[in-house]
There are 2 protein chains.
Amino acid sequence: MRIGELSERTGIPRRLLRYYEEQGLITPERCENGYRSYDERLVDRVQQIRGLLDAGLPTRIIKQILPCLDGPGTIHFPDPTPEMLTTLELELDRMTRRIDCLARNRDAIAAYLEVVRGDGPSVGDARSVEA
Amino acid sequence: MRIGELSERTGIPRRLLRYYEEQGLITPERCENGYRSYDERLVDRVQQIRGLLDAGLPTRIIKQILPCLDGPGTIHFPDPTPEMLTTLELELDRMTRRIDCLARNRDAIAAYLEVVRGDGPSVGDARSVEA
DNA sequence: TCGAACCCTCACATTGATGTGAAGGTCAAG
DNA sequence: CTTGACCTTCACATCAATGTGAGGGTTCGA
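Notes on the structure follow. Please read these numbers as outputs of a predicted model, since none were measured by experiment.

Quick notes on the rules
- Residues numbered from 1 in each chain as written.
- Chains lettered and ligands numbered in written order.
- Predicted model: local features only at pLDDT ≥ 70, side-chain atom pairs only at ≥ 80, totals over all residues.
- Heavy atoms only, no water.
- Near = heavy atom within 4 Å.
- Polar contact = N/O pair within 3.5 Å; in protein donor to acceptor, adjacent residues only side chain to side chain.
- Helix = DSSP H or I, 4+ residues; strand = E, 2+ residues; numbered from the N terminus.
- Nonpolar A, V, L, I, M, F, W, Y, C, P; charged D, E, K, R; others polar.
- Buried < 20%, exposed > 50% of the residue type's maximum accessible area, 1.4 Å probe, protein only.
- Arc of directions from axis to C-beta.
- Contact = heavy atoms within 4.5 Å.
- Salt bridge = Lys/Arg side-chain N within 4 Å of Asp/Glu carboxyl O.

### Brief notes about the protein's contact with DNA strand D
(1) Moving on: Every one of the 21 residues lining DNA strand D counts as a neighbour, but Gly4, Arg18 and Arg36 of chain A together with Tyr19 and Thr59 of chain B are closest to it.
(2) Moving on: Tyr35 of chain A places a polar side-chain atom, nitrogen or oxygen, 3.4 Å from a base oxygen of DNA strand D.
(3) Moving on: A distance of 3.3 Å separates a phosphate oxygen of DNA strand D from a polar side-chain atom of Tyr20 of chain B.
(4) Moving on: Elements with a minimum of two residues in the surface near DNA strand D: α1 (3-10) and α2 (14-22) of chain A together with α2 (14-22) and α3 (42-54) of chain B.

Structure below.
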């Protein structure tokens, strides 16, 4: 498919699809006329990228971890250098911390909302967190 | 305490502490001489801000949700306009999706790492290229 | 009294993720 | 053949989060 269709199917602006390519996150084929040609599988891939981006990971990290997330059974390791493994470990850790922080704060907000809309009992206490 | 001490205790550069203030996330007092004077509680507060920032929330959102996360017991609801509640609901939703996405990808990475190390070297293509 | 170590404001630079528009090629349908 | 809807590249604009440094005041100990 061409960029327009991929854009529509994923909800990602064309501009960003080109940007992700520029960042090395996806590498569509080219038709004779120079148009980008996207494989079906890139629909999922692009959405995964968006998810990670939304989750706060920078493209350069995403680029590194994407190869490990290929498919359910299709895991092929791209020659993991120890350096890369370290990066992954590190990022794994960051992600966990990020998740914890987000979860704690989300829970606090949820609690707050619950209290505010008379849902719960009287005065509540939504304790939360930090890094 | 002054900005230097807060910076040291939180690990946040002075520059950012001033930036957070500029963004309305914190509002330290001022001494006679114009120096910023930070309350003890701001140590936690600042770390909470960092956590949220790291988690991908922009300052303008953080500014909105911070009042709901004040302290242990000290929760005072600031006249929740329906508009604000909507924002919170929305952000709550985003956070949940973000968490899910992060968790999925983190698990995938964790699984990958687990396979790569120790466990049997069977699947995949192990190329040995060198740069 | 001097210097070191703080603090201030101002303001420009940078990076990452985007928006937007110009100038132009391709292609199917009227 | 022309028009409109695609596509291309290029390049400048923007926004948030930071870095960095200039120019200058304050405080404190030697």
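### A short note on the protein's contact with DNA strand C
(1) Moving on: Around DNA strand C, 21 residues are found, and the nearest of them are Tyr35 and Thr59 of chain A together with Gly4, Arg18 and Arg36 of chain B.
(2) Moving on: For DNA strand C, the fraction of protein-proximal atoms (within 4 Å) that sit in sugar or phosphate groups is 70%.
(3) Moving on: In the model, a phosphate oxygen of DNA strand C is placed 2.6 Å from a nitrogen or oxygen of the Gly4 of chain B main chain.
(4) Moving on: Of all the elements in the fold, those that place two or more residues in the surface near DNA strand C are α2 and α3 (42-54) of chain A together with α1 (3-10) and α2 of chain B.
(5) Moving on: Among the elements that take part in the surface near DNA strand C, α2 of chain A stands out by supplying four residues, more than any other.
(6) Moving on: Residues that form the surface near DNA strand C fall into these classes: nine nonpolar, four polar and eight charged.

### So, α2 of chain A
All names here are of chain A.
(1) Moving on: All of the buried residues in α2 are Leu17, Tyr20 and Glu21. What you see down the axis of α2 is that its buried residues fit within an arc of 105°, all on one side. Turned more than 90 degrees from where α2 packs its buried face, Arg15 and Glu22 sit exposed.
(2) Moving on: Looking at the buried positions of α2, the neighbouring elements they touch are α1, β1 (29-30), β2 (36-37) and α3.

### Considering the pattern of salt bridges
(1) Moving on: Per the counting criterion, the structure on display carries 18 salt bridges over all chains.
(2) Moving on: The shortest N-O distance in the salt bridge between Glu21 of chain A and Arg36 of chain A comes to 2.5 Å. Placement of the pair is Glu21 of chain A in helix α2 and Arg36 of chain A in strand β2, with a sequence separation of 15 residues.
(3) Moving on: Since its relative accessible area comes to 18%, Glu21 of chain A is described here as buried.
(4) Moving on: The residue Arg30 of chain B makes a salt bridge to Glu21 of chain B at a minimum N-O spacing of 3.4 Å.
(5) Moving on: We classify Arg30 of chain B as partly exposed; its relative accessible area is 45%.

Coordinates in, geometry out; function isn't part of it.
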